[in-house]
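# Working through the structure, step by step
Given next are the chains, with one letter for each unit.
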Amino acid sequence: MFTGFPVAALDFYDDLEADNSKAFWAAHKAVYDDCVRGPMLALLAELEEEFGEGKAFRPYRDVRFSKDKLPYKTHQGGFVSVAQSVGYYVEINAAGLRVAAGLFHGSSDQIAGYRAGVDHGRRGPELRRIVRRLERAGYEIGGDRLKSRPRGVDADHPRIELMRHRSLWAGRTEISPPWIDSPRTLEEVRSAWREFRPLVRWLTAATAT
C-alpha cells in the first residue's frame, strides 16, 4: 500500500545531482529501492484500477549517443500509457513531485492527426477550451513547438499557437510539498490526473492511427 514518498527520496536525488557516479549509486542503492522505486510502484498500483497499468522508468540514462555521459537520471518517472505516446505521468525528483499528461514524442502521423484535430471546426475549439481550463487551474501548458507556423497553415489561423505544437502536455511541479511523505500524495496525483482526463481523451482520439 502506498504511504507516501519518504523525504529521503528528495534528499537522494539532491545528493545524486551533486555526485552522479557509479560509486554513489552503489553506496545508496538501498535508499533508491526503498524510498524511490518501491513507493513509485506502489503509487502506480493504487492508480491502476482507474487509469490503467503503469510503468516505472529505468533509472539509467541512455548515454550511447549523448555527449553527457552521466549514468543516472536525476528523477524517477512513472507513466500510464493510454494510447501510443499519450498518457499520464508522475515524477519524484529533488525539487518535489511532478504530475503531467499529454502527447509525448508522437510519430509524424500522430502529429498530423493532432493538427487535423486542431484545425477541425468543432474539435479545435474544444481543445482550446480544455487547455484554457487547465491553465486557469494552475497547470503549465508545454511541449515541443515550431518557432514558425507549420507548412500549409495560414499565419492567421485562429488556433495557430496550438498548431505549432509537435507535442502537447499539461503539468505542474509541487515544490517540497509538506504531504509528500503521506498518503495524501496519492490523492493529489489522482486529482490532477482526473483534471487531465479531457485532454488525454482528446489527444487519444485525434492521434489514433
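For the structure given in this document, a descriptive report is provided here. Since the structure is predicted, the reported quantities are computational estimates derived from the model, not experimental observations.

Right, let's talk about a negative patch on the surface for a bit. Side chains of Asp11, Asp14, Asp15, Glu17 and Asp19 sit close together on the surface and give a patch of like negative charge. Structurally, Glu17 is set in helix 1 (residues 7–18). Glu17 gets classed as partly exposed once you look at its relative accessible area, which sits at 48%.

Let's shift gears to the nonpolar core. Ranked by internal contacts, the top residues of the largest apolar core, which has 53 residues, are Leu43, Val90, Ile92, Leu127, Trp193 and Phe196. Sequence-distant contacts of Leu43, that is, excluding residues within four places in its chain, are made with Phe2, Phe5, Val90, Leu186 and Val189.

With that settled, consider the packing of helix 2 (residues 22–51) against helix 6 (residues 184–207). Viewed as axis vectors pointing N to C, helix 2 and helix 6 meet at an angle of 35 degrees, and their least axial separation amounts to 11 Å. For the crossing formed where helix 2 meets helix 6, the hand is right-handed. Across the interface between the two elements, Leu43, Leu44, Glu46, Leu47, Glu50 and Phe51 from helix 2 touch Leu186, Val189, Arg190, Trp193, Arg194 and Arg197 from helix 6. Split into classes, the residues belonging to the contact of helix 2 with helix 6 amount to seven nonpolar, no polar and five charged.

Before going further, it helps to examine helix 2. Its 30 residues give helix 2 an end-to-end C-alpha distance of only 35 Å, which falls more than 12% under 44 Å, the value for a rise of 1.5 Å per residue. At His28, helix 2 shows its largest kink, close to 65 degrees. For helix 2, the full list of buried residues reads Phe24, Trp25, Tyr32, Cys35, Val36, Pro39, Met40, Leu43, Leu44, Leu47 and Phe51. Elements that come into contact with the buried residues of helix 2 comprise helix 1, strand 1 (54–56), strand 2 (75–83), strand 3 (86–93) and helix 6. Of the residues flanking the end of helix 2, it is Gly52, one or two places downstream, whose phi is positive at about 115 degrees.

Rules and cut-offs
- Residues numbered from 1 in each chain as written.
- Predicted model: local features only at pLDDT ≥ 70, side-chain atom pairs only at ≥ 80, totals over all residues.
- Heavy atoms only, no water.
- Patch = residues over 30% accessible without salt bridge, like charges linked within 9 Å, V, L, I, M, F, W, Y side chains within 5 Å.
- Areas by Shrake-Rupley, 256 points an atom, 1.4 Å probe, with all protein chains shown as cover.
- Salt bridge = Lys/Arg side-chain N within 4 Å of Asp/Glu carboxyl O.
- Lys, Arg positive; Asp, Glu negative; His and termini not counted.
- Charge placed at Lys NZ, Arg CZ, Asp CG, Glu CD.
- Helix = DSSP H or I, 4+ residues; strand = E, 2+ residues; numbered from the N terminus.
- Buried < 20%, exposed > 50% of the residue type's maximum accessible area, 1.4 Å probe, protein only.
- Core = buried A, V, L, I, M, F, W, Y, C linked by side-chain atoms within 4.5 Å.
- Contact = heavy atoms within 4.5 Å.
- Axes fitted to C-alpha atoms, helices over the stretch in contact; angles between N-to-C directions.
- Left-handed = near helix turned anticlockwise from the far one by under 90°.
- Nonpolar A, V, L, I, M, F, W, Y, C, P; charged D, E, K, R; others polar.
- Expected span 1.5 Å × (residues − 1).
- Bend = angle between axes of the 7 residues up to and from the residue.

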